[in-house]
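A structural walkthrough
The primary structure of each chain is shown beneath.
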Amino acid sequence: MGIKVAKFGGSSLACAKSFQRVFAIVMADPSRCYVVPSAPGKRFSQDDKVTDLLYVCHDHVQRSLPFSDVFKQISQRYLGIVKELDLDLDLTPELQLIESNMQKQSTADYAASRGEYLNGIILAAYLGFDFVDPALAVSFDQNGCFNLKRTEEKLVEVLASHPRAVIPGFYGAMPNGSIKTFTRGGSDITGSIIARSIKADLYENWTDVSGFLMADPRIVSNPKPISVITYSELRELAYNGANVLHEAAIFPVRQVGIPINIRNTNEPDNPGTMIVRQVDNVDSIGDITGIAGRKDFVIVSIEKALMNSELGFVRRLLSIIEDHNVSFEHLPSGIDIVSLVIIESQLAGKLDQIIAEIRQQLHPDKVEVFHDIALIATVGQSMAYRSGIAVKLFRALADAKINVRMIDQGSSEMNIIVGIENKDFEKAITAIYQAYNS
Ligand code: ASP
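As the structure is a prediction and not an experimental result, all values here were calculated from the model.

Taken together, the five strands give an open sheet; going across it, the order is β12-β11-β13-β15-β14, and neighbouring strands pair in antiparallel fashion. Looking at strand neighbours, the two that pair on one side only are β12 (337–343) and β14 (406–409), the edges of this open sheet. The mean angle between the axes of side-by-side strands here comes to 35°, regardless of whether they run parallel or antiparallel. Pairing of β14 with strand β15 (residues 415–421), which is carried by four bridges, proceeds in the antiparallel orientation. Residue pairing across strands places D408 opposite I417, the latter belonging to β15. Across the sheet, helix α8 (residues 231–239) is in contact with β11 (290–303), β13 (366–379) and β15; its angle to β11 comes to roughly 70°. Set on the sheet, helix α11 (residues 351–362) makes contact with β11 and β13; between it and β13 the angle comes to about 115°.

Here is the structure:
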């Protein structure tokens, strides 16, 4: 029997009812040996996430404001779950210790991590699994950087004596024992590194959607689900705005080829999306896998005759933006022209100075700036060997009377990125989606 690591997000563990659903899912498959919980998420749209409340407590302590009301709200959520599940578990000593540690000015990371910690204790008791504190194994160095090698070694050692365990997500510890968290949404990363360390056959990531959809459902009504996607395609879609999984959660399992299965706790029979290294039967896949995009970019175009033969031109251009602490997202170029595509907010208060330096140092013939640009990535690995895919995209945009300001096809030939005006964003996504699905 293979081993699965099952990570459950905050919306899957927000109340006693959702714990019951998680129980049924874990018990239905004995290979689900390691379970990684998030902190309780929202139960309804106006509700608070426990992690957010913990940060509020910490902030109050920092500003010498009382925090017992907010802490009480947190305690009640956990105690309510324990009571409704009818567990023989007294969380009060844990809650008292956490409150007193917070009072003594513990760090923000300590405060935030307690959301997962407490949920882990409850879930372990409910499932009858061992509780393993990730502070024993998930290791950060003294500068707070995650140490994968040490974590793997420790996880193998610690989990050897726990064949079935609940390991809270989101945090680990530094060499001096102080708690350190990943960035927000980081329980996805914990699940991924556990799957890698124990050489799991599958990393299941249970959330409140049935995997990835071909386009954002807030823009396209009822987009088709994506049943299989490669890590590389997912990376492109996630970078371009499709968010289901923490970006950093892909790398640990990708390197060793463990597939990720995105599943829906509220619809456990739905197979969700399988994220794999490669799809063997390429003829079975559609022309494109998905469409994603982001708004609010700026394009800075620099034109100069014979730029192609001027040694170091682009290097000097890039050092100018680097000196201003600005990074670029894309760099499409022609013979005598190069364009920098930059996230608009990065340039706040800096653009005029950057342009002045480009003029002074590089003596271009022309510098043009285009604001309010949206980028849309149409992603699919079949683009590399199937003809007629790009034509559908550009015909759809032309028919919708959308002016394309930039085209960039990555050298992987896995995506075509178009730059259009912000105002055309939703119309363009809808047009592209329809072009490939009608
Ligand atoms: N609870 C943390 C957050 O809200 C981590 C997670 O849910 O993955 O960001």
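Next comes the rest of the account.
Phi is positive for F170, close to 85°, though the residue is something other than glycine. In this structure, F170 sits in the loop between β4 (165–166) and β5 (171–173). Non-glycine residue N222 carries a positive phi angle of around 55°. As for its placement among the helices and strands, N222 is situated in the loop between β7 (202–207) and β8 (228–230). N222 gets classed as exposed once you look at its relative accessible area, which sits at 73%.

Summarising the element assignment, C15 is placed in the loop between β1 (4–8) and α1 (16–27). Spatially, the C-alpha atoms of C15 and P40 are 7.2 Å apart, while their sequence positions differ by 25 residues. Contact partners of C15, with chain neighbours within four places excluded, come to R43 and I81.

Around the ligand, the surrounding shell consists of S38, K49, T51, E116, F170, R184, G185, G186 and S187. At 2.7 Å, a side-chain N or O of E116 approaches a nitrogen atom of the ligand. Take S187: an N or O atom from its main chain is 2.9 Å from an oxygen atom of the ligand. For the shell around the ligand, the class distribution of residues is one nonpolar, five polar and three charged.

Scanning the entire structure with this criterion turns up seven aromatic pairs. Between Y117 and F131 the ring centres are 5.6 Å apart and the planes differ by 85°, which places this aromatic pair in the edge-to-face class. Linking Y117 in helix α5 (residues 108–127) with F131 in strand β3 (residues 130–131), this pair joins segments that are 14 residues apart in sequence. Its relative accessible area of 28% is what places F131 among the partly exposed residues. Arranged with centres 5.7 Å apart and planes meeting at 65°, the rings of F140 and F146 form a pair that is edge-to-face. Its relative accessible area of 5% is what places F140 among the buried residues. Within the aromatic cluster, the residues linked to one another by ring pairs are F140, F146 and F182. The residue whose ring lies beneath R114 is Y117, and the NZ or CZ to ring-centre distance is 4.3 Å. One cation-aromatic arrangement involves R114 over Y171; the distance from NZ or CZ to the ring centre is 5.2 Å.

Moving on to the packing of helix α10 (residues 313–323) against α11. Running from N to C, α10 and α11 point in directions that differ by 150°, and their axes come no closer than 10 Å. Considering their axes alone, α10 and α11 lie roughly antiparallel with respect to each other. Here α10 runs over α11; the crossing is right-handed. Here α10 contributes F313, R316, L317, I320 and I321 to the contact with α11, which in turn contributes I354, E357, I358, Q361 and L362. Of the residues contributing to the contact of α10 with α11, the split by class is seven nonpolar, one polar and two charged.

As a further point, take helix α4 (residues 92–103). When the terminal C-alpha atoms of α4 are compared, their 16 Å separation across twelve residues agrees well with the 16 Å that a helix rising 1.5 Å per residue should span. Residues of α4 that are buried include every one of L95, I98 and M102, and no others. Along α4, the residues classed as buried sweep out an arc of 65° about the axis, all on the same side. Exposed side chains of α4 directed beyond 90 degrees from the buried face belong to Q96 and Q103. Contacts from the buried residues of α4 go to α2 (50–62), α3 (68–84) and α5. Among the residues trailing α4, Q105 stands out with phi positive, at a value near 65°.

Conventions used here
- Residues numbered from 1 in each chain as written.
- Predicted model: local features only at pLDDT ≥ 70, side-chain atom pairs only at ≥ 80, totals over all residues.
- Heavy atoms only, no water.
- Pairing = 2+ DSSP bridges.
- Helix = DSSP H or I, 4+ residues; strand = E, 2+ residues; numbered from the N terminus.
- Axes fitted to C-alpha atoms, helices over the stretch in contact; angles between N-to-C directions.
- Contact = heavy atoms within 4.5 Å.
- Buried < 20%, exposed > 50% of the residue type's maximum accessible area, 1.4 Å probe, protein only.
- Near = heavy atom within 4 Å.
- Polar contact = N/O pair within 3.5 Å; in protein donor to acceptor, adjacent residues only side chain to side chain.
- Nonpolar A, V, L, I, M, F, W, Y, C, P; charged D, E, K, R; others polar.
- Phe/Tyr/Trp six-rings, centres within 6.5 Å; stacked < 30°, edge-to-face > 60°.
- Lys NZ or Arg CZ within 6 Å of the ring centre and 35° of its normal.
- Parallel < 35°, antiparallel > 145°, perpendicular 65-115°, else oblique.
- Left-handed = near helix turned anticlockwise from the far one by under 90°.
- Expected span 1.5 Å × (residues − 1).
- Arc of directions from axis to C-beta.

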